[in-house]
Amino acid sequence: MLRIFKTVVDCGGFSAAEVELNISRPAISIAISDLEKRFNLKLCQRGRTGFSLTEEGAEVYQSVIELLSALETFRTQVNGINEQLKGELNIGITDNLVTIEHMRLTNALMALKDLGPEIQINLRMMPPDKIEIDVLDGRLHIGVVPELRPLSGLNYHQLYQEESFLYCSKDHPYFTLDDKQLTNTIISKSDAVVLSYQQTPEIRHLLQKLNSTASATDREGLLFLILTGRYIGYLPEHFARQWVTDGKLRAIKPDKFRIESYYSAVTRKSARSNIILDSFMELLLKNTEK
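Because the structure is predicted, anything quoted here is derived from the model rather than measured. (Residues numbered from 1 in each chain as written. Predicted model: local features only at pLDDT ≥ 70, side-chain atom pairs only at ≥ 80, totals over all residues. Heavy atoms only, no water.)

**Q** So what exactly am I meant to see when it comes to the overall build of the protein chain here?
**A** Helix and strand counts for the protein chain stand at 11 helices and 11 strands. For the C-alpha atoms alone, the extent of the protein chain along its principal axes is close to 70 × 50 × 35 Å. Out of the 290 residues in the protein chain, the part that is buried amounts to 44%. Within the protein chain, contacts between residues at least 6 apart in sequence are counted, and of these 69% link residues at least 24 apart. Accessible surface for the protein chain amounts to roughly 15700 Å². Of this, 51% is attributable to carbon and sulfur atoms. Charged side chains of the protein chain number 34 positive and 37 negative; the gap between the two group centres comes to 3 Å. (Helix = DSSP H or I, 4+ residues; strand = E, 2+ residues; numbered from the N terminus. Buried < 20%, exposed > 50% of the residue type's maximum accessible area, 1.4 Å probe, protein only. Contact = heavy atoms within 4.5 Å. Areas by Shrake-Rupley, 256 points an atom, 1.4 Å probe, with all protein chains shown as cover. Lys, Arg positive; Asp, Glu negative; His and termini not counted. Charge placed at Lys NZ, Arg CZ, Asp CG, Glu CD.)

Here you go:
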């Protein structure tokens, strides 16, 4: 019931939690009601106005996070005694890294699964700031995020270097124009889509030169809007390559409009020893050195 309650809160309501938990909404409602009876507390408000936590519910939610984290710590400590890899590995990853050729994450996950067939891997695609918060809170064991502003409570292990270019689609007026015809002034007046999460000062400076009239929470969202032919925007070269090859995208003045960024694996500095995480990090960093 505690896990169901946590999932409902994480999903922001019963409807989304129904999909995540793969159980019916009435079953979720019964579990929450039973939990409230056991605690003799009103944990949340639900109805036509939507879902929200009560003050008591917010405190219980934080306690649930601490409890589940403590249970996982206990599991991994006992795991270490048995010298067998059993338990969970919770990973948060920024979107659209799968098209990077090096496949360091994929190869490390493959090796970990071979090393511990009974490990349950839970992988979530999330915005970078959410990943960092969840690693700090212990909800995630590890995250992979762009290097934006290092947080003192996290360890950073660089994995990837990424190049991004400014793209337009075949339905955009710029597609058939020569780069010499596209002056910086013309480009700066065009509708552009940008990422809504925080960027480094250098990247922000470049994005401020665009006429950002739309935003997206992830790179797939950027691509959706760029493909409309109504916006230009930056995309990672490895992610855009398929559409470039198919003749659906082109880079605009790639020698001038280019962004270089780095992605790192992040773990919590104060986290207790976790044999599964330690094994995964060893495989990941070994794979990085190749």
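**Q** Sorry if this is basic, but what is going on with the side chain of T94 here?
**A** Tracing the sequence through the fold places T94 in the loop between β3 (87–93) and α5 (104–115). A distance of 3.0 Å separates a polar side-chain atom of T94 from the backbone oxygen of V144. (Polar contact = N/O pair within 3.5 Å; in protein donor to acceptor, adjacent residues only side chain to side chain.)

**Q** Just to check I follow, could you spell out the nonpolar core for this structure?
**A** I142, L235, L249, F280 and L284 are the most contacted members of the largest nonpolar core, which has 38 residues in total. The contact partners of I142, leaving out residues within four places of it in the chain, are N90, I91, G92, V135, A265, V266, T267, L277, F280, M281 and L284. Ranked by size, the runner-up nonpolar core spans 17 residues in total, among them F5, L35, Y61 and L68. (Core = buried A, V, L, I, M, F, W, Y, C linked by side-chain atoms within 4.5 Å.)

**Q** Hey, could you run me through the environment of P236 in this one?
**A** Tracing the backbone shows P236 in strand β9 (residues 233–236). Spatially, the C-alpha atom of P236 lies 9.6 Å from that of T99, the residues being 137 residues apart in sequence. Those residues in contact with P236 that sit more than four places away from it in its chain are E162, E163, S164 and R219.

**Q** Quick question: what am I supposed to make of the packing of helix α1 (residues 2–11) against helix α3 (residues 25–39) here?
**A** Two packed helices can be described by the angle between their axes and the distance between those axes. Here α1 crosses α3 at 115°, and the two axes come no closer than 9 Å. If you check the angle between α1 and α3, you find them roughly perpendicular. As for the relative orientation of α1 and α3, their crossing is left-handed in sense. Facing α1, whose interface residues are L2, I4, F5 and V8, α3 presents I28, A31, I32, L35 and F39. (Axes fitted to C-alpha atoms, helices over the stretch in contact; angles between N-to-C directions. Parallel < 35°, antiparallel > 145°, perpendicular 65-115°, else oblique. Left-handed = near helix turned anticlockwise from the far one by under 90°.)

**Q** Explain the pattern of salt bridges to me, please; I cannot follow it from the model alone.
**A** Where charged atoms from two side chains of opposite charge approach closely, those side chains can pair. Counted under the stated rule, the structure contains 16 salt bridges. The partner of R149 in a salt bridge is E132, and the shortest N-O contact between them spans 2.9 Å. On the criterion of sequence distance, the pair formed by R149 in the loop between β5 (142–146) and β6 (154–169) and E132 in helix α6 (residues 128–137) is long-range, its members being 17 residues apart. For R149, a relative accessible area of 30% puts it in the partly exposed group. With a closest N to O distance of 3.4 Å, R139 and D137 form a salt bridge. (Salt bridge = Lys/Arg side-chain N within 4 Å of Asp/Glu carboxyl O.)

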